[in-house]
Amino acid sequence: MGSWGTGNFDEDTAADHLGLLTDRLTAEVARAMEGDPSELEPDEYWGVAVPCNLELLHLLATRGWAGATLPEAATLRAWKGRYLAVWDEAVDDLEPGADHRARRREVLVSTFDALAEVAERRAGHAM
């Protein structure tokens, strides 16, 4: 097909590039989820970077550009359970205020859920 418009993402090469980028973001999350759970604690790199990667995937996937790939919704739900189990176990050691703790957890849940919803919609369209 080549090119279908004048936008930066309106061509095959751009779609391939977007696929590589989203695959990399997903692979980083997958490695973090398969690794040492302590690396997912809220004050560790992957404890911060995992939700960032998921938010970026959501932003890219909802733009409507061709090429963005996502993990399956079931995978995202499994990751959510693992991530939140670590977060719930470790966050109180950082002594957050009750309000901050509750609001941050809501954001984390929403981050996983929003991406899972997009993945489910995409899977439904692929059928």
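The following paragraphs examine the structure supplied in this document.

About the criteria used
- Residues numbered from 1 in each chain as written.
- Predicted model: local features only at pLDDT ≥ 70, side-chain atom pairs only at ≥ 80, totals over all residues.
- Heavy atoms only, no water.
- Salt bridge = Lys/Arg side-chain N within 4 Å of Asp/Glu carboxyl O.
- Helix = DSSP H or I, 4+ residues; strand = E, 2+ residues; numbered from the N terminus.
- Buried < 20%, exposed > 50% of the residue type's maximum accessible area, 1.4 Å probe, protein only.
- Core = buried A, V, L, I, M, F, W, Y, C linked by side-chain atoms within 4.5 Å.
- Contact = heavy atoms within 4.5 Å.
- Phe/Tyr/Trp six-rings, centres within 6.5 Å; stacked < 30°, edge-to-face > 60°.
- Polar contact = N/O pair within 3.5 Å; in protein donor to acceptor, adjacent residues only side chain to side chain.

1. Considering the pattern of salt bridges
So, point 1. Following the criterion strictly, the structure yields six salt bridges and no others.
So, point 2. The closest approach of N and O atoms between Arg24 and Glu28, which form a salt bridge, is 3.4 Å. In this pair, Arg24 and Glu28 both sit in helix α1 (residues 12-34), four residues apart, roughly one turn of the helix.
So, point 3. The partly exposed category is assigned to Arg24, whose relative accessible area is 48%.

2. Observations concerning the nonpolar core
So, point 1. Judged by nonpolar contacts, the single largest core of 29 residues is most densely connected at Met33, Val50, Leu54 and Tyr83.
So, point 2. Elements represented by at least two residues in this core include exactly α1, α2 (45-61), α3 (73-90) and α4 (98-126).
So, point 3. Once residues lying within four places of it in the same chain are set aside, the contact partners of Met33 are Leu40, Val50, Trp79, Arg82, Tyr83 and Phe112.

3. Digging into the packing of aromatic side chains
So, point 1. Throughout the structure, instances matching the rule amount to three aromatic pairs.
So, point 2. Here Phe9 and Trp65 contribute two aromatic rings whose centre-to-centre distance is 3.9 Å and whose plane-to-plane angle is 20°, an arrangement assigned as stacked. Taken together, the residues Phe9 in the segment before α1 and Trp65 in the loop between α2 and α3 connect sequence positions 56 residues apart.
So, point 3. Ring centres of Tyr83 and Phe112 lie 5.5 Å apart, and the angle between their planes is 45°; on these two criteria the pair is classed as tilted. Taken as a pair, Tyr83 in helix α3 and Phe112 in helix α4 lie far apart in primary sequence, 29 residues in all. By the burial criterion, Tyr83 is buried, and Phe112 matches it.

4. Looking at the side chain of Thr22
So, point 1. Structurally, Thr22 is set in helix α1.
So, point 2. The exposure class assigned to Thr22 is buried, which follows from its relative accessible area of 1%.
So, point 3. Among the polar contacts made by the side chain of Thr22, one reaches the main-chain carbonyl oxygen of Gly19 at a distance of 3.2 Å.

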